[in-house]
Amino acid sequence: MHALHKTILELYRDNGDRMYAGEPVTQLEHAWQCGRLAEKSGANAALQLASWLHDLGHLWVNSPGTPTLRGEDDLHEVVAADLLAPVFGQAVAEPVRLHVQAKRYLVASNPAYAAKLSQDSSRSLNLQGGPMSAQECAGFESKPYFKDALKLRVWDDLGKKKAWFEDSREDALQYLEKLMRAASS
Ligand SMILES: [Fe+2]
Ligand SMILES: [Fe+2]
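Residues numbered from 1 in each chain as written. Chains lettered and ligands numbered in written order. Predicted model: local features only at pLDDT ≥ 70, side-chain atom pairs only at ≥ 80, totals over all residues. Heavy atoms only, no water.

Asks: Outline the coordination of the iron ion (ligand 1), supporting the account with residue identities and numerical values.
Replies: Looking at the iron ion (ligand 1), the protein donor atoms are Asp55 (OD), His76 (NE2) and His99 (NE2), and they sit 2.1 to 2.2 Å from it. In this structure, the iron ion (ligand 1) lies 3.7 Å from the iron ion (ligand 2), and both are coordinated by aspartate 55. Of this pair, aspartate 55 sits in the loop between helix 3 (45-53) and helix 4 (56-61) while histidine 76 sits in helix 5 (residues 76-88), placing them 21 residues apart in sequence. Side by side, aspartate 55 and histidine 76 carry an identical accessibility label, which is buried. (Donors = N, O, S within 2.8 Å, 3.2 Å for Na, K, Ca; no water. Helix = DSSP H or I, 4+ residues; strand = E, 2+ residues; numbered from the N terminus. Buried < 20%, exposed > 50% of the residue type's maximum accessible area, 1.4 Å probe, protein only.)

Right under this line is the structure:
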């Protein structure tokens, strides 16, 4: 097994029970729900894995509590994308890198989306630069994986459901391991 696969599994095994700040799910539940939503939507292995691991940066930097409440942006999307790119390639890393930008894009282009954002996502939006300008939206649309990032973002927002976690932790981690193998071959 690749060293990064092992590290990722250990992070979710050891720290996956941490609550996702401001939401009624743990980090592992949120990751699992996003992976399941991607799978149910027919996403390929790379995008399923990106959905699973989009918030890996929160576990990696391990900042306690709720960073956005302290007025900090942990840049978790950049941290995770830089970790994932050398092993899994752009199709996994780039949707992860863009998932915060995707929120800024959707808020600017879709008022109904902005109204439905969770409290923590709204709070962090301002730290992350607020809604995109028209010029920023055009720049975002020119990025190769922006459509995958928009799909991931929708699953990200939906994957915060209380009591929707159907696997045991070990089953969930086994599924993640299988996806990592599929996405790196
Ligand atoms: Fe995130
Ligand atoms: Fe997330």
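And the narrative resumes.
Asks: Tell me what's going on with unusual backbone geometry, and back it up with residues and numbers.
Replies: The phi dihedral of alanine 163 falls on the positive side, at around 60°, and the residue is not glycine. Using a relative accessible area of 82% as the deciding quantity, one classes alanine 163 as exposed.

Asks: How would you sum up the nonpolar core? Please name residues and give values.
Replies: Core analysis: the biggest nonpolar cluster contains 38 residues, and Ile8, Tyr12, Trp52 and Leu176 have the highest contact counts within it. Contributing elements (two or more residues each) for this core: helix 1 (3-15), helix 2 (27-40), helix 3, helix 4, helix 5, helix 6 (90-97), helix 11 (146-158) and helix 12 (169-184). Per element, the largest residue contribution to this core is seven residues, and it comes from helix 12. Within the second largest apolar cluster, 14 residues are counted, among which are Ala102, Tyr113, Leu125 and Phe140. (Core = buried A, V, L, I, M, F, W, Y, C linked by side-chain atoms within 4.5 Å.)

Asks: Got a sec to walk through helix 2? Specific residues and values, please.
Replies: For helix 2, spanning 14 residues, the distance from its first C-alpha to its last is 20 Å, which sits close to the expected 20 Å at 1.5 Å a residue. Within helix 2, ten of the 14 residues are buried, which leaves the element mostly enclosed by the surrounding structure. If you check which residues of helix 2 are buried, you get Gln27, Leu28, His30, Ala31, Trp32, Gln33, Cys34, Gly35, Leu37 and Ala38. The secondary structure elements touched by the buried residues of helix 2 are helix 1, helix 3, helix 4, helix 11 and helix 12. (Expected span 1.5 Å × (residues − 1). Contact = heavy atoms within 4.5 Å.)

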